[in-house]
Each structure stands twice: as structure tokens, then as C-alpha cells.
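As a plain string of letters, each chain reads:
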Amino acid sequence: MAKGGDSSKHVLSQNNTGNDIFKVEGLQNLSQNDKNLAFTAFQQRMIEELDNFEKEREDALKPTLSTGLDYMAGILNWTFILSFWTAFPQHFWIIYILEVGILAPWKMSIMIKAKPLNEAFHYFELCWVFNILCTSCLLIFSLDALIDFGVTLPDVDTRKNIFWGFFGVACGPLYGAAYLLPFIALVPDSTRLNATLYTHIMPAMLFHTFLWSTEAITTSWPKIFELEFLQREGFSSSIVPSFFPEHFLSPFMFSNDGSLLSSALSTYMKWWVPYVIWQVTIGLDLPRKIRRTKGPDGKPLPPVYDTIFHFTMRGNNMCEKFGTFFWKRPVELSRAQIESNDYELRDFVMFTTLHVVQVNFTFFICTFPCSLHKYVHSLWLCALYLLIIWKGARKHRALLRQTAKRRVADLRKHLNSIQFGKGPPQCCPSSPI
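These numbers were taken from a predicted model, which means no experiment stands behind them. Per chain, residue numbering runs from 1 following the sequence as it is written. The model is predicted, so local features are restricted to residues of pLDDT at least 70 and side-chain atom pairs to those at 80 or more, both for listing and for counting; the totals for chains, interfaces and linings are taken over all residues. Hydrogens and water are ignored here; the side-chain numbers use all heavy atoms of the structure.

Considerations on helix H11 (residues 331-340)
Buried within H11 we find Ser334, Gln337 and Ile338. Down the axis of H11, the smallest arc covering the buried residues is 100°, so these residues share one side. Residues of H11 that are exposed and angled more than 90 degrees away from the buried face: Glu332 and Glu339. Residue contacts are defined here by distance: any two heavy atoms, one from each residue, within 4.5 Å place the two residues in contact. We count a stretch as a helix when DSSP gives it H or I for four or more residues in a row; a strand needs E for two or more, and each element gets its number in order from the N terminus. The elements touched by buried residues of H11 are helix H9 (308-314), helix H10 (318-327) and helix H12 (345-370). One or two steps after H11, the chain reaches Asn341, where phi turns positive at roughly 60°. Burial here depends on accessible area, computed with a 1.4 Å probe over protein chains only, as a share of the maximum for the residue type. Under 20% is buried, over 50% is exposed, and the range in between is partly exposed. Directions from the helix axis toward the C-beta atoms define the arc.

Here it is in C-alpha cells:
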């Protein structure tokens, strides 16, 4: 740590009590009084530097008015959403449009400014595509009722299949991801995390109102919603189609036999197939440090955009875990792939295959129970509310730990940058305090 003085040597040894002590060869010829003065000067200098560092950190982390307002706005917004959904389910679709309509472009403005890679293509993921489609359909239906664009609705059977397909995705993979993924949590003062939370949980709330408050919605908005295929008495599930398809492979072949699983899975596959084609042909090359796509000058184009696949493989040593578990790949090779952002095609194949398996799993444990009865659907949502609050508390603790780690790293960098001039302090040990 000492810089700029002589190169006095020191060694680390242990005394009879087992404690580490320093013997500095440069001080051996000094009297005990001079040694005490040297270490006292060093100690005082360290205390001054630590005090200055702590003051700078406190000033940098001092809470501001905007910090308090962000947290308060997040809490109030979530409270408003829950209250409105409970009291006015027939109008909840308006709140859904407003929330997604505000949060989607807001988060996009954050993602396109992300460093070192632009994250705009994260919007190609299922959750964002689904929410943008839902919002667009609701806007078109409502505007057509007001202005009469002449939009012709599909026939009843087609609308029924579309509804159950969207219901299956909203209450299946999106809803299940909110259960399984640790970062989908209630963190009121984080726009990024709030947008992720709302786009996963609000679709399930939206289709809860469509399925179990059908009469109230059609009575309040008769010109917008024609949901005659959902009409029945009370909360009976008689209008819910059979969950299992007649032929097992029909959903994967883009056909729909009217079953709930077939509608949901065929809707998912209509996103999955184009997404996989885009990743294999374009997406896998976008974040590579040395891209395979060449510019007009024949040189590789620079990496600009990120994808969720690359983001996931970099995070939490996922590439190392994939390589070790599935391929017995050396850890050094996996780390090199993370460094270059260049992964093997088999990694992506396994990644997207696991995505399909997990989505099918959520259809059984989430979509199917939510279709049984209003109270079962409501119970599943209440359980999720408690979970996201618990995950939010854990996320705050994780953020505090990350802040502490950054402060320790800053302190180490600060101490290593201290320049000691000539005089007693230069003889002091150079190891970290």
C-alpha cells in the first residue's frame, strides 16, 4: 500500500498467542520511542483517511426527497391497483392499459440506455410481447367503440380460442414466472423491477376479471366487449373448456381442438417458433465481442445489443452451470465464453428447451387451478401477493449487501491510492488494514 517512499521490507509472523504481528526490517535500528512515533503517525493518517472516506460515502448515499417520493409512489400505486381490482373489476382493464402503457415505454427508455449493451431486444421476450398484444387489442376495441373504425370481430369460435389461449399464457407462464423467479418482487422504488412485476402479475388479474366478472364487464361496456361465450350463472366453471386436448401433439402443430391446454400451448408456440428463428439467425450474434457479421469494410461489426439469453448466461454463472451439468465442459472454457459473450448453439438449444418444459409445467400447476373456480383463482393470486412481498424484503437485503460490498471495494481502492511521502509512515507494513 505504501507508495513513493523507500522499499522497507516487512514480514508476517505469529507470536505465542497465535496473533499476527508485523516485523518491519526498516525499523529494527530505531529506538522503541521512534518506532512508536512512526506507527502512531501511520495510525493517525489512516484514521483521517477513513473519516474522510466515510463522510464522502455518507454524502453520496444521503437520502433525498425524490428517494422518499419514489418509494411512496410505488406503495400507493400498488395499493391503488389492488383496491381497484377488488372494488371495480369491471373497469380494471382500463387500469391495466394505463399501467402497461406508462411502464412499458418508461422501462424501454431505461433499457436502451443500459451499458455496456443496449437491452432493447429484451422486449422480444414472451412477457412483453404478450402484454403489448393485450394492451393493443384492448385499445383497438375501445377506440372502435368510440370512433367506429369498422373493425370486424372474428367469429365466436375464433374469439373463444383466442381468449382461452391468452388466459392460459397469462395464468400460466407469466404467472408462474412471478412465483419462480427471485427478481420478480415488490420493490416499490425500482421502476425496472416494478415494470417486470406488473407485466407478470397484472395479466392474471385482468383475466380473473374477464372470466369471473363477465356479466359486470359486459353490462358496463356492452359496445366494447362481446363475451357471450363466457355467459353462465354464478361462478360456475361450466363454460371452461376441457383442459386436456384430444390429441397430445395438436398444440405443437399449431392446431387447436378447443381444449384449454391446446389453446394456451398453441398460443405460446406461435411466439416461441419465430423467437427461436430470430435468435439463431440474428440474436446470438448481436452481443458477441467479436461478431461474425461483417461491415462494408470487411471488419466485424461492434456489439451493440443484448438479449435475454446472453443476459441470463452471464448472470449467476449460468454458463458454467450449463457447461458443467449438461456437457462436462471445462470451467475455464465457460468463463472464456462469458468473457466473449459467445456461447455454443447447444447452450441455446438447451436453454430454450428448458423454457418449453417450464412453460408446460406452469400450465398444469397454475393455469388449470385458476380455471376451476373464482375462489381458487383468487387464492392463487393472494398466495402470490404474499410471496412477492417476501421476495421484495429479500431483494432489499440483497441490495444492502451489494451496497456494503461496493463500499468495501471503494475503500480498498481508496487505501491503495494513498501516497506516503518520506518520513516514518513509509516504514509501515503495506498489507491491507
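From this point, things continue past the structure.
Considerations on the confidence of the model for the protein chain
Scored from 0 to 100, pLDDT records how confident the predictor is in each individual residue. Looking at the protein chain, pLDDT values average 82 and 81% of them are 70 or higher. Across residues 1-24 the pLDDT falls below 50, and counting only partners more than four positions away or on other chains, this stretch makes 52 contacts in the model. Taken together, the stretch residues 420-433 has pLDDT below 50 and engages in 37 contacts with residues farther than four places along the chain or on a different chain.

A look at H10
Side chains that are three or four residues apart share a direction in an α-helix, a result of its 3.6 residues per turn. Those residues of H10 that fall on the buried side of the exposure criterion are Cys319, Glu320, Phe322 and Gly323. End-on, the buried residues of H10 take up no more than an arc of 165°, which puts them together on one face. Downstream of H10 by one or two residues, Lys328 has phi in the positive range, about 55°.

Things to note about the environment of Ser109
Mapped onto the secondary structure, Ser109 falls in helix H3 (residues 92-111). By relative accessible area, Ser109 is classed as partly exposed at 27%. Residues Ser109 and Glu119, ten residues apart in the sequence, show an inter-C-alpha distance of 9.9 Å.

Describing the pattern of salt bridges
The salt bridge criterion pairs a side-chain nitrogen of Lys or Arg with a carboxyl oxygen of Asp or Glu, the two atoms within 4 Å. In this structure the tally under the stated criterion is twelve salt bridges. Between Glu339 and Lys289 there is a salt bridge, with its nearest N and O atoms 2.9 Å apart. Of this pair, Glu339 sits in helix H11 while Lys289 sits in the loop between helix H8 (260-281) and H9; the two residues are 50 residues apart in sequence, bridging distant segments of the chain. The class of Glu339 is exposed, set by a relative accessible area of 52%. On the basis of relative accessibility, which here comes to 48%, the residue Lys289 falls in the partly exposed class. A salt bridge links Asp347 to Arg329; its shortest N-O distance comes to 2.9 Å. With Asp347 in helix H12 and Arg329 in the loop between H10 and H11, this residue pair connects regions lying 18 residues apart in the sequence. Taken as a pair, Asp347 and Arg329 share a single burial class, namely buried. What emerges from the salt-bridge pattern is a single network uniting Asp285, Arg288, Arg291, Arg292 and Asp342.

Things to note about the environment of His377
When you line up the elements, His377 lands in helix H13 (residues 374-416). In this structure the C-alpha to C-alpha distance between His377 and Ala204, which are 173 residues apart in sequence, comes to 9.0 Å. Those residues in contact with His377 that lie beyond four places of it in its chain are Phe167, Cys171, Ala204, Phe207, His208, Trp212 and Cys370.

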